[in-house]
Amino acid sequence: MAEKPQPVRVLYCGVCGLPAEYCEFGPDFENCKPWLIQNVPDLYPDLLKEADAKDADKVSDQLQSTSISGGSSKPKEEDVKRLPGGKIKKKEKQEVIIEKMTRNKRKCITTVKGLDLFGVKLSDASKKLGKKFATGASVTKGPTEKEQIDVQGDISYDIVEFITDTWPDVPEAAIFFIEDGKKVPAV
């Protein structure tokens, strides 16, 4: 009789949760290295050589730093938010960008980006802009997959005052225009 095939035992990394063979392709291989050296030294033999060389470097660096500064120095860690898949989330600047685009030679569209970074609901803002300037306004996704407000017509002449009066959390110094591809402060 044929033997029953046995299930394969897979060792998962304690840091990233991937199988140990795939840690090098994961989001933070540098953090996985100590765990791999301790638990699976035969899987990555190059890591043992690197670890021995780094330990020697660390000891010499600690000796030099104690003789120079009198204490051990720790490198400061950056506060970076990691998303699934190893992507790093960047902190966005809080600024409102107003851009005027022309379509069909005479028609204009004014685009307002970044209003949501100040806690403003874009749907409410588009309604208020549409009522104030007596024109159509809608919330759309821009080319960077972020939501923005598109207002029909050229309202760039009065929009800064309206934004600062309606939403006092938005400072006038944080509002910029894009003219000829350059960012110009609204002040």
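First, a word on scope: everything that follows refers to the structure included in this document.

How each quantity is defined
Residues numbered from 1 in each chain as written. Predicted model: local features only at pLDDT ≥ 70, side-chain atom pairs only at ≥ 80, totals over all residues. Heavy atoms only, no water. Helix = DSSP H or I, 4+ residues; strand = E, 2+ residues; numbered from the N terminus. Contact = heavy atoms within 4.5 Å. Areas by Shrake-Rupley, 256 points an atom, 1.4 Å probe, with all protein chains shown as cover. Phe/Tyr/Trp six-rings, centres within 6.5 Å; stacked < 30°, edge-to-face > 60°. Buried < 20%, exposed > 50% of the residue type's maximum accessible area, 1.4 Å probe, protein only. Lys NZ or Arg CZ within 6 Å of the ring centre and 35° of its normal. Pairing = 2+ DSSP bridges. Polar contact = N/O pair within 3.5 Å; in protein donor to acceptor, adjacent residues only side chain to side chain. Patch = residues over 30% accessible without salt bridge, like charges linked within 9 Å, V, L, I, M, F, W, Y side chains within 5 Å. Salt bridge = Lys/Arg side-chain N within 4 Å of Asp/Glu carboxyl O.

**Description of the overall build of the chain**
Each helix and strand in the chain was counted, giving four helices and eight strands. Ordered by position in the sequence, the α and β elements of the chain form the string α-α-β-β-β-β-α-β-β-α-β-β. Sequence separation of 24 or more characterises 37% of the internal contacts of the chain that already satisfy a separation of 6 or more. Here the chain displays about 14,300 Å² of accessible surface, and carbon together with sulfur accounts for 51% of that area.

**Describing the packing of aromatic side chains**
As enumerated under the stated definition, the model contains three aromatic pairs in all. For the pair Tyr22 and Phe25, a centre-to-centre distance of 6.5 Å together with 45° between the ring planes defines the contact as tilted. On the basis of relative accessibility, which here comes to 62%, the residue Phe25 falls in the exposed class. Centre to centre, the rings of Phe133 and Phe162 are 5.8 Å apart; their planes meet at 70°, and the pair counts as edge-to-face. One end of the pair, Phe133, is in helix α3 (residues 122-133); the other, Phe162, is in helix α4 (residues 159-166), with 29 residues separating them in the sequence. Residues Phe133 and Phe162 agree in their burial class; the two are buried. Over the aromatic face of Phe176 sits the side chain of Lys183, whose NZ or CZ is 5.3 Å from the ring centroid.

**Quick notes on the environment of Ala186**
Checked against the element boundaries, Ala186 lands in the segment after β8 (182-185). For Ala186, the residues in contact, after removing those within four places along its chain, are Val160, Glu172, Ile175, Phe176 and Phe177.

**Quick word on the pairing of strand β6 (residues 147-152)**
Pairing geometry for strand β4 (residues 107-113) and β6, over five bridges, is antiparallel. Considered in β6, the bridge of Thr111 is made with Asp150. Pairing analysis gives five bridges linking strand β5 (residues 137-141) to β6, with the strands arranged antiparallel. Each bridged residue has a counterpart across the sheet, and for Val139 the counterpart in β6 is Ile149. Between β5 and β6, which pair antiparallel one after the other, the connecting turn spans five residues, and Glu145 there sits at a positive phi close to 65°.

**What to know about the side chain of Thr111**
Within the secondary structure layout, Thr111 lies in strand β4. A distance of 3.3 Å separates polar atoms of two side chains, one belonging to Thr111 and the other to Asp150. Residues within four places of Thr111 in sequence aside, it is in contact with Ile97, Ile98, Glu99, Met101, Gln148, Ile149 and Asp150.

**A closer look at a nonpolar patch on the surface**
On the surface, Val8, Val10 and Tyr12 cluster together into a nonpolar patch covering about 330 Å² of accessible area. Inspection of the secondary structure puts Tyr12 in the segment before α1 (29-39).

**What about the side chain of Glu95?**
Tracing the chain through its elements places Glu95 in the loop between β2 (88-89) and β3 (96-103). Here the side chain of Glu95 touches Lys183 through a polar contact of 2.9 Å, side chain to side chain. When near neighbours in sequence (up to four residues on either side) are disregarded, Glu95 contacts Lys113, Gly114, Leu117, Phe118, Ala174, Phe176 and Lys183.

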